[in-house]
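An overview of the molecular structure
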Amino acid sequence: MKIKSSATDALFALFYLIGACLITMLAEALASYIINHIVVLSYPTLTVIRMAIYSVGVTALMGVMGYYEGYREAYCSVSESLAGVLLAAIPHLLLAMLFRFQGFISGSVRFTAGLIHNGWDITYDNLVNETPYWLFVLIFAAYAAVYAATFTVAKYLGAQKRVIDRADLRREESENSTHA
C-alpha cells in the first residue's frame, strides 16, 4: 500500500464525504419542507424520514463517486481505497464533533444515535442534550465503515467496467482492421 496514494485518496474522500452530506442535506430539507406542507408529522416520524434520507443519500453519492473514480482511473487497489476513506474519516469525525454531529457534516449520525438512545420518545431536546456523546462517535464509526465499503466496492466495479469497455473497444478495432 502506497502512503502517498492513500493520502491523496483520503483527501478526495474527505471532499466526497462532506459534499455528499451537504447535497443530501439540501435534498432532506426540500423533502421535509414538502412533506410538512402536505401532512403534519410528529418529531419521531420526521426523524425516521430524515435518517433514511441521509443514510441512503450519502451512501448512494459515495457509491456514485467511487464508481466514477474507478472508471476514470481504470484501477482500484482495495486496500488503498479503504485506507483512503478510513483516513478521511478522522478529519471528518473532528469536523462532525466540532459541529455536534449536525446532518450537514455527519449525515444521519445524529438522527440514528438519537433514535437508538431515545426510541419513539425522541424530541429535539433529548436528541441534543440526553443522547450520550460516545453513541454519536460509535454510530459515526459504523457509518464510516459503510461509506468506505460502498466507495471501495463501487470503485472496484467502475474500474472493472472500464477494463471491459477497453477490451471491447480493442476487439472491435481489431475486427474492423481485419475486415478492411
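Structural data are supplied above this passage.
Note that this is a predicted model, so its numbers are computed, not measured. Residue indices begin from 1 for each chain and proceed along its sequence in written order. Residues qualify for local features only when their pLDDT is at least 70, as the model is predicted, and side-chain atom pairs are given and counted only at 80 or more; totals for whole chains, interfaces and linings, by contrast, use all residues. Only heavy atoms go into the side-chain values, all of them from the structure, while hydrogens and water stay out.

Concerning the packing of aromatic side chains
- Only centres within 6.5 Å qualify two rings of Phe, Tyr or Trp (six-membered ring in Trp) as a pair; their planes then separate them into stacked at under 30 degrees, edge-to-face at over 60, and tilted for everything else. Inspection of the entire model under this criterion finds ten aromatic pairs.
- Relative to Tyr133, the ring of Phe101 has its centre 5.6 Å away and its plane inclined at 65°; by these criteria the two rings are edge-to-face. Taken together, the positions of Phe101 in the loop between α3 (78–98) and α4 (103–106) and Tyr133 in helix α7 (residues 133–179) put the pair 32 residues apart, joining distant regions of the chain.
- Relative accessible area decides the class of each residue, using a 1.4 Å probe on protein chains only: under 20% of the type maximum gives buried, over 50% gives exposed, and in between gives partly exposed. Judged by its relative accessible area of 33%, Tyr133 falls in the partly exposed class.
- Here the aromatic residues Phe101, Tyr133, Phe136 and Phe140 are joined through ring pairs into a cluster of three or more. Secondary structure follows DSSP: runs of H or I at least 4 residues long count as helices, runs of E at least 2 residues long count as strands, and numbering of each begins at the N terminus.

A look at the pattern of salt bridges
- A pairing counts as a salt bridge when a side-chain nitrogen of Lys or Arg comes within 4 Å of a carboxyl oxygen of Asp or Glu. Evaluation of the coordinates by the stated rule reveals seven salt bridges.
- Note that Arg50 and Glu28 form a salt bridge whose closest N and O atoms lie 2.7 Å from each other. Here Arg50 is found in helix α2 (residues 43–73), whereas its partner Glu28 is found in helix α1 (residues 3–38), with 22 residues between them in sequence. Across this residue pair, the class does not change: Arg50 and Glu28 are buried.
- We note a salt bridge from Glu73 to Arg72, for which the minimum N-O separation is 3.4 Å.
- Among the residues examined, Arg72 registers a relative accessible area of 42% and is labelled partly exposed.
- Salt bridges sharing common partners tie together Asp9, Glu69, Arg72, Glu73 and Lys155.

Here we look at empty space enclosed by the protein
- A 1.4 Å probe that fits into a set of points on a 1 Å grid over the protein atoms alone but cannot get out defines a cavity; an open set with protein on both sides within 12 Å along at least five of seven lines defines a pocket, and lining residues are those with an atom within 4 Å of a point. Grid points are joined across faces, edges and corners, and a volume is the space filled by probe spheres set on the points. This structure, assessed with the given rule, holds one cavity of 30 Å³ or more.
- Of the volumes computed, that of the largest cavity is approximately 60 Å³.
- Taken together, Leu17, Val85, Ala89, His92, Ser106, Val109, Phe140, Tyr143, Ala144 and Tyr147 form the lining of the largest cavity.
- Elements that contribute at least two residues to the lining of the largest cavity include exactly α3 and α7.
- With four residues, α7 is the largest single contributor of residues to the lining of the largest cavity.
- Here the residues of the lining of the largest cavity are counted per class, giving eight nonpolar, two polar and no charged. Each residue gets one label: Ala, Val, Leu, Ile, Met, Phe, Trp, Tyr, Cys and Pro are nonpolar, Asp, Glu, Lys and Arg are charged, and the others, such as Gly, are polar.

Things to note about unusual backbone geometry
- You will see that Ala74, though not glycine, has its phi angle at about 60°, which is positive.
- Examined against the element boundaries, Ala74 turns out to sit in the loop between α2 and α3.
- When its relative accessible area of 17% is taken as the criterion, Ala74 is described as buried.
- The backbone phi angle of Arg100 is positive, close to 55°, even though this residue is not glycine.
- By the secondary structure assignment, Arg100 is in the loop between α3 and α4.

Function cannot be read off these values alone, since they describe shape.
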